[in-house]
Amino acid sequence: IALVLLVVLLYFRRVQALLVMGACIFIGLFWTFGLTQLAIGHLNVATAFLISIVAGNGINVGILYQARYYEERRGGASVPAALETALAATWRPTLVAALAAGASYGSLLITDFRAFRHFGLIAGAGMLLCWFATTLALPPLLALLGGRKGEAPPARGAGYGDLFAWLVPRAPAAWVALGAVAILIGSVATARYVQSDPMEYDMNRVQNDRTRTADLHRAWAIATDVLGASQGAMVVLTDTPAEAKQLHDELQAKWDAAPEGSKPFVSVTSLWSFVPEGQAAKIPTLVALGERLRRAHERGLLPEDAWAKLEAVLPPDDLRPFTLADLPASLAETFTERDGTRGTLVLIAAEPTESNDLRYLLRYTESFRETRLASGKVVRGSGRAVIFADMLEAVVQDVPKAISLSLGLTLLTVVLTFRRASQSLPILFSLLAGVAAVGAFLYFAGVRINFLNFAALPITFGIGVDYAVNVAQRYHEDKGRDVAAALRTSGGAVVLCSLTTMLGYLALLVSHNQAIRGLGVIAVVGEIACLLSAMLVLPALWIVFS
């Protein structure tokens, strides 16, 4: 937030603009996270960083409004007239941008993973609440702090749009061709990216940096060496000891049937593992063996030292089969419930060296997620392994749904806003060029999608179309007379909007968690691609086809 306010100050070069902008964005944040408290009551691993994102994106409304306000003031308009013109000129494009951004975030509401739904609700509501907060609070604040009578007009701020206003008219056809090439290459790259199974299966790449938790990982490695696989076992609870035995047998059969190198788990253990089968058939043999050893001792055929060792382990004459109830408490403790019930628990141990491989995790969880017993009853297992596997499967299923919905809502918002094909098609072409460039980046950079960074994909549409909409609105407001003027004025404000949004995402790059940093990287690339498309490709289209 501090960096966002700093770039705002550098652009407007007025403390007044900074104070007004800061007040509006804090109101929007208070409303957003007040709603979060009422609707959800907490943040989670996927939403804890949304303060910076909502601030960086929600401040765009105030930037565009103030940019137009100070432009009118420099033109000689009074404070009331400048406020009226700024509000009339910016409320529609900023509302469209807020709706598109909110719709993109809101597309996450259809996902099955609750953390994503919370992300979509908080961020989507935040875009609209920041728009309302700024639209309601900014005009009276500017009026309250308006210039004194006779005061010189405010100086022009930083010319963030000047470079684009200089570049576009000099080679408009080249910029249009570059946009077309980006769409072509990006579309092919995106198709190959999807076909290559881009999911991240290495959990080491989504955890906190090992350099920051080296001691913890070293202790864990030592524990794995000492304890073996049992420290990673999942526990399945059955209703009766008999069902536990059936489950144990079914799981062991799965292990026996799996080929070497593809075993679903290391071992399956229950209290039945310590109760051998076929005891009744083996007892006569044991008793007979004991009797022969005793006779051999009586005849002096065994040395006394050997007999001393054998006598302690010879079976008694009343030897009988033992059951679960006969096992010593020290052995049965692990498999005993709090009420004293023995034998209903089954432990399935994972391979500790494969604990960070999600492909193995999927195979492991599927082995005990649902097992049909010989009796016909189905026993279901759960635990952290199943939850992680479900998260991965949710991402795989949710990515296409969320992206499709986000794209559809963004296209609908643009078409309903501009209506004329001559106005909406250039915006959609610009958006497609920016999004295709993101797809090319994902493919050529080898970026892998995980349970967190995938959220950056659907929100790229709504955030990316924001800049094209505002530049287009200014161009059409001026009757298409001067492309360069639209880029110098509203275009400069759009660049500042992108900078503030990027700062919100760049803040994620200092996170200890690699998945959160991955979200920030994809979002920043999307910002840059969509901004350049809106500031270069879109105005070039107007020049070439006007």
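Residues numbered from 1 in each chain as written. Predicted model: local features only at pLDDT ≥ 70, side-chain atom pairs only at ≥ 80, totals over all residues. Heavy atoms only, no water.

### Side note on the pairing of strand β1 (residues 234–237)
Okay, so step 1: With burial as the criterion, only one face of β1 is covered, namely that bearing M234 and V236; the residues V235 and L237 on the opposite face remain uncovered.
Okay, so step 2: Summarising the sheet, β1 and strand β3 (residues 345–349) pair through four bridges and their orientation is antiparallel. Among the inter-strand pairings, V236 is bridged to a residue of β3, identified as V346. (Buried < 20%, exposed > 50% of the residue type's maximum accessible area, 1.4 Å probe, protein only. Helix = DSSP H or I, 4+ residues; strand = E, 2+ residues; numbered from the N terminus. Pairing = 2+ DSSP bridges.)

### Here we look at the packing of aromatic side chains
Okay, so step 1: With the rule as written, the count across this model stands at 13 aromatic pairs.
Okay, so step 2: Seen from their ring centres, Y105 and F119 are 6.2 Å apart, and the 40° between their planes marks the pair as tilted. Taken together, the residues span a long stretch of sequence, with Y105 in helix α5 (residues 79–106) and F119 in helix α6 (residues 114–144) at a distance of 14 residues.
Okay, so step 3: In this structure F119 comes out as buried when scored by relative accessible area, which is 1%.
Okay, so step 4: The structure contains a cluster of three or more aromatic residues connected by ring pairs, namely Y11, F12, Y69, Y70 and Y160.
Okay, so step 5: Over the ring of W272 we find K245; its NZ or CZ atom is 6.0 Å from the centre of that ring.
Okay, so step 6: The side chain of K263 reaches across the aromatic face of W255, ending 4.1 Å from its centre. (Phe/Tyr/Trp six-rings, centres within 6.5 Å; stacked < 30°, edge-to-face > 60°. Lys NZ or Arg CZ within 6 Å of the ring centre and 35° of its normal.)

### Side note on a nonpolar patch on the surface
Okay, so step 1: On the surface, a cluster of nonpolar side chains totalling about 850 Å² of accessible area is made up of I1, F26, F30, W31, I51, L99, L128, F132 and L136.
Okay, so step 2: When contributions to the nonpolar patch are tallied by element, the ones reaching two or more residues are α2 (15–39) and α6.
Okay, so step 3: Note that F132 resides in helix α6.
Okay, so step 4: Residue class for F132 comes out partly exposed when judged on its relative accessible area of 44%. (Patch = residues over 30% accessible without salt bridge, like charges linked within 9 Å, V, L, I, M, F, W, Y side chains within 5 Å. Areas by Shrake-Rupley, 256 points an atom, 1.4 Å probe, with all protein chains shown as cover. Salt bridge = Lys/Arg side-chain N within 4 Å of Asp/Glu carboxyl O.)

### Considering the pattern of salt bridges
Okay, so step 1: One pass over the full model with this rule turns up twelve salt bridges.
Okay, so step 2: Among the ionic contacts, a cluster of salt bridges with common partners joins R68, E72 and E477.

### Notes on the side chain of T410
Okay, so step 1: For T410, the location among the structural elements is in helix α15 (residues 384–418).
Okay, so step 2: Classification of T410 as buried rests on a relative accessible area of 0%.
Okay, so step 3: When neighbours within four sequence positions are excluded, T410 is seen to be in contact with A100, S104, L431, F461, G462 and V465. (Contact = heavy atoms within 4.5 Å.)

### Observations concerning the side chain of T47
Okay, so step 1: Take T47: it is sitting in the loop between α2 and α3 (50–58).
Okay, so step 2: On the basis of relative accessibility, which here comes to 0%, the residue T47 falls in the buried class.
Okay, so step 3: Within the structure, T47 has its side chain in polar contact with the backbone nitrogen of N44 (distance 2.8 Å). (Polar contact = N/O pair within 3.5 Å; in protein donor to acceptor, adjacent residues only side chain to side chain.)

### Some points on the packing of α3 against helix α19 (residues 490–506)
Okay, so step 1: At a closest axis distance of 7 Å, the pairing of α3 and α19 adopts a crossing angle of 175°. Viewed along their axes, α3 and α19 adopt a mutual orientation that is roughly antiparallel. Here S52, I53, G56 and N57 of α3 come into contact with α19, specifically with C497, T500, T501, G504 and Y505.
Okay, so step 2: Across the contact of α3 with α19, the residue classes tally to three nonpolar, six polar and no charged. (Axes fitted to C-alpha atoms, helices over the stretch in contact; angles between N-to-C directions. Parallel < 35°, antiparallel > 145°, perpendicular 65-115°, else oblique. Nonpolar A, V, L, I, M, F, W, Y, C, P; charged D, E, K, R; others polar.)

### Quick notes on the nonpolar core
Proteins that are soluble and globular tend to have nonpolar side chains buried together.
Okay, so step 1: Counting residues in hydrophobic clusters, the biggest one holds 139 residues, and the most contacted among them are F12 and Y364.
Okay, so step 2: In this structure, A233, L324, L347 and A349 belong to the second largest nonpolar core, which totals ten residues. (Core = buried A, V, L, I, M, F, W, Y, C linked by side-chain atoms within 4.5 Å.)

### A look at helix α11 (residues 279–298)
Okay, so step 1: Compared with the 28 Å implied by 1.5 Å per residue over 20 residues, the 28 Å span of α11 between its first and last C-alpha is a close match.
Okay, so step 2: For α11, the complete set of buried residues consists of Q279, I283, V287, G290 and A296.
Okay, so step 3: Phi turns positive, to about 75°, at G300, one or two residues after α11. (Expected span 1.5 Å × (residues − 1).)

### What to know about the confidence of the model for the protein chain
Okay, so step 1: Averaged over every residue, the pLDDT of the protein chain is 85; residues scoring 70 or more account for 94%.
Okay, so step 2: Across the protein chain, the element-wise mean pLDDT spans from 67 in helix α9 (residues 214–227) up to 95 in helix α8 (residues 172–195). (pLDDT = per-residue confidence, 0-100.)

### Some details on the sheet that holds β3
Okay, so step 1: Strand order in the open sheet made by the three strands is β1-β3-β2, with antiparallel pairing throughout. Each of the sheet's edge strands pairs with one partner strand only, and the pair in question is β1 and β2 (267–270). Neighbour-to-neighbour, the strand axes of this sheet turn through a mean angle of 25°, independent of strand direction.

### A word on the packing of α5 against α15
Okay, so step 1: Contact pair α5 / α15: the axes reach a minimum separation of 8 Å and the direction vectors enclose 165°. The angle between the axes of α5 and α15 places the two elements in the roughly antiparallel class. The handedness of the crossing between α5 and α15 comes out as right-handed. Contact with α5, carried on its side by R92, V96, A100, A103 and S104, involves S406, L409, T410, T413 and T417 of α15 and no other residues of that element.
Okay, so step 2: When the residues that make up the contact of α5 with α15 are grouped by side-chain class, the tally is four nonpolar, five polar and one charged. (Left-handed = near helix turned anticlockwise from the far one by under 90°.)

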